[in-house]
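Structure at a glance
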Amino acid sequence: MCAAIKQMDVGANVVLITTPAAAEFVRGLGIVDEVVAFDKRGAHRSSAGRGELVASLRSRGPITAVVPHKSMRTMFLARALKAERVVTYADAATRWIASDTIPYPMHIHDTRRHLKLLEPLFPHVLTIEELTPIRLFTSDDVAVIESMVPAAGGPVAVVAPGSAWPTKQ
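Attention here is on the structure that accompanies the text. The model shown is predicted, which means the values in this text are computed figures rather than measured ones.

Residues Ala65 and Val67 line the buried face of strand β3 (residues 64-67), whereas the alternating positions Thr64 and Val66 sit on a face that is not buried. Taken together, the 4 bridges between β3 and strand β4 (residues 85-89) define a ladder with parallel strand orientation. Within β4, the position partnered with Val67 by the bridge is Thr88. Considered for its hand, the β-α-β crossover made up of β3, helix α4 (residues 72-81) and β4 is right-handed.

Take the sheet that holds strand β5 (residues 100-102) next. Ordered in space as β3-β4-β5, the 3 strands form an open sheet in which the pairing is parallel. Since the sheet does not close on itself, it has two edges, and those belong to β3 and β5, each with one partner. Taking the axes of each pair of neighbouring strands and ignoring which way they run, one obtains an average angle of 10° across the sheet. Across 3 bridges, the pairing between β4 and β5 is parallel.

With 18 residues, the main nonpolar core has Ile5, Val14, Ile31, Val32, Leu115 and Leu118 as its most contacted residues. Only α1 (2-8) and α2 (20-27) provide two or more residues apiece to this core. For this core, the leading source of residues is α1, giving 4 residues. Apart from residues no more than four positions distant in its own chain, Ile5 is found in contact with Ala12, Val14, Leu118 and Phe122.

Let us now look at the side chain of Asp100. Structurally, the position occupied by Asp100 is in strand β5. The exposure class assigned to Asp100 is buried, which follows from its relative accessible area of 17%. Residues in contact with Asp100, not counting those within four places in the same chain, are Arg85, Val86, Val87, Thr88 and Pro120.

Our focus in this paragraph is a nonpolar patch on the surface. On the surface, Phe25, Ile134, Leu136 and Phe137 cluster together to form a nonpolar patch covering roughly 400 Å² of accessible area. Mapping Ile134 onto the fold places it in the loop between α5 (110-116) and α6 (139-148). Classification of Ile134 as partly exposed rests on a relative accessible area of 37%.

Once that is clear, we can look at unusual backbone geometry. In this structure, Lys82 is a non-glycine residue whose phi angle is positive, near 50°. Among the secondary structure elements, Lys82 is positioned in the loop between α4 and β4. Taking relative accessible area as the criterion, Lys82 reaches 61% and is therefore assigned exposed.

Structurally, Leu126 is set in the loop between α5 and α6. Looking at Leu126, the relative accessible area reads 15%, which means it is buried. With 123 residues separating them in the primary sequence, Leu126 and Ala3 have C-alpha atoms 10.0 Å apart. In this structure, Leu126 is in contact with Ala4, Gln7, Met8, Leu115 and Leu131, ignoring residues within four places of it in sequence.

Mapped onto the secondary structure, Ala80 falls in helix α4. Distance in space between the C-alpha atoms of Ala80 and Pro105 is 27 Å, their sequence separation being 25 residues. In this view, Ala80 contacts Val54 and Arg58; residues no more than four positions away in its chain are not counted.

Procedures and definitions
Residues numbered from 1 in each chain as written. Predicted model: local features only at pLDDT ≥ 70, side-chain atom pairs only at ≥ 80, totals over all residues. Heavy atoms only, no water. Buried < 20%, exposed > 50% of the residue type's maximum accessible area, 1.4 Å probe, protein only. Helix = DSSP H or I, 4+ residues; strand = E, 2+ residues; numbered from the N terminus. Pairing = 2+ DSSP bridges. Right-handed = clockwise from strand over helix to strand, strands pointing away. Axes fitted to C-alpha atoms, helices over the stretch in contact; angles between N-to-C directions. Core = buried A, V, L, I, M, F, W, Y, C linked by side-chain atoms within 4.5 Å. Contact = heavy atoms within 4.5 Å. Patch = residues over 30% accessible without salt bridge, like charges linked within 9 Å, V, L, I, M, F, W, Y side chains within 5 Å. Areas by Shrake-Rupley, 256 points an atom, 1.4 Å probe, with all protein chains shown as cover. Salt bridge = Lys/Arg side-chain N within 4 Å of Asp/Glu carboxyl O.

Right, here's the structure in full:
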């Protein structure tokens, strides 16, 4: 979704709020202008910590929030941001403060589902096929991998199990 916003509006200042675990990974992709680690179990657990985070985000100017998460915690954060526009799913907790809602498209992949959240903001939303590929590695990374993985005659599968959610493990 962030890459699509950057491609559709090159002047947009895209700030992604994510978990501390994902923050470093996303920073290296170059698809957003800034990554903010929302540490709900640490620095932002208290209302004072969340207040500091919100004040920091609000100091940057007008906000449009695209909210794919359905939780109450996310709704409280979005409400505190006092965004000019909030786009979310019609069944999310954030719907109560949203300027735009879309029906939750249950039977499609998350990537396509999240792109649908951009429809109220853009006259034409890029499809997955139209998006510029995101490079997850550098040429140095390729050299390291090639030195570790023997040249095989067929495809190589890499599995990276690591999620807090048992259903994603």
